[in-house]
Amino acid sequence: MPGLTIGDEIPNLEVETTHGKFKLHDFVGNQWTILFSHPGDFTPVCTTELGQMAAYSGEFEKRGVKLLGLSCDDIQSHNEWVKDIEAYTPGCKVNYPIIADPNRDIMKQLNMVDPDEKDSNGFPVPSRALHIVGTDKKVKLSFLYPATTGRNMDEIVRVLDSLQKAVSNKVATPANWKVGDPVVISPSVTNEEAKKMFPQGFETKDLPSKKDYLRFTNVE
């Protein structure tokens, strides 16, 4: 199985989806994209997750982020499953495409295979994987959950905010960071540069090492 991971460009596969056929690079275009996989249609955890992806679609849109799902069943199955998803999550529409992968080829190329889970026929199924892809078509962050554990949508939004904040400023986000909290200045930025880049000022923590690497500031 290819080791698609952070920094790798996603393969430009042609995929069949509930919104027609397209190549992955064409779909991403110049936007951030969340590419996420599910072990199978008509399964309980997956149904709750796709419903929550739909429920959070407004948050993703505000951040300029597209959604693209994947499950190893066919298009007809996906379309029938969407009815269940929307019934379970009233008022939310699954407006994003879902890739069909009945031959289990795409999930392997995207590093989305769960080695421990099999379907009723003994075939491998996708893991609960999620790649956040940047405008350069490269993976910026990956989550890899087993089939038994559902993902947290608030955490997906939080890491998106962190990634986009880091792109627009030479900063990183500390542990448990959320929007509105101070960020840390990249070690590659000197104090003189920091004074120019962050006119609002920054706080340097006094540490036993006396190294001034832990610098906090606030950015919009």
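Residues numbered from 1 in each chain as written. Predicted model: local features only at pLDDT ≥ 70, side-chain atom pairs only at ≥ 80, totals over all residues. Heavy atoms only, no water.

A. Here's a closer look at the packing of helix 2 (residues 44–55) against helix 4 (residues 75–88). Two elements in contact, helix 2 and helix 4, have axes separated by 9 Å at closest approach and are oriented at 70°. Judged by the inter-axis angle, helix 2 sits roughly perpendicular to helix 4. Between helix 2 and helix 4 the crossing geometry is right-handed. Taking contact as the criterion, the partners of C46, T47, T48, L50 and G51 in helix 2 are, on helix 4, W81, I85 and Y88. Residues belonging to the contact of helix 2 with helix 4 are distributed by class as follows: 5 nonpolar, 3 polar and no charged. (Axes fitted to C-alpha atoms, helices over the stretch in contact; angles between N-to-C directions. Helix = DSSP H or I, 4+ residues; strand = E, 2+ residues; numbered from the N terminus. Parallel < 35°, antiparallel > 145°, perpendicular 65-115°, else oblique. Left-handed = near helix turned anticlockwise from the far one by under 90°. Contact = heavy atoms within 4.5 Å. Nonpolar A, V, L, I, M, F, W, Y, C, P; charged D, E, K, R; others polar.)

B. A look at helix 2. With 12 residues, helix 2 extends 17 Å between its outermost C-alpha atoms, agreeing within 8% with the 16 Å of an ideal straight helix rising 1.5 Å per residue. Three or more residues of helix 2 are buried, namely C46, T47, E49, L50, G51, M53 and A54. (Expected span 1.5 Å × (residues − 1). Buried < 20%, exposed > 50% of the residue type's maximum accessible area, 1.4 Å probe, protein only.)

C. Structural detail: the pattern of salt bridges. Counted according to the given criterion, the structure contains 13 salt bridges. Salt-bridge contacts for K83 lead to E80; the nearest nitrogen and oxygen are separated by 3.2 Å. Of this pair, K83 and E80 both sit in helix 4, 3 residues apart, which is roughly one turn of the helix. Accessibility expressed as a relative area gives 39% for E80, which makes it partly exposed. For the salt bridge of E203 with K205, the shortest nitrogen-to-oxygen distance reads 3.2 Å. Here the salt bridges share partners, and the residues they tie into one network are E59, K62, R63 and D161. (Salt bridge = Lys/Arg side-chain N within 4 Å of Asp/Glu carboxyl O.)

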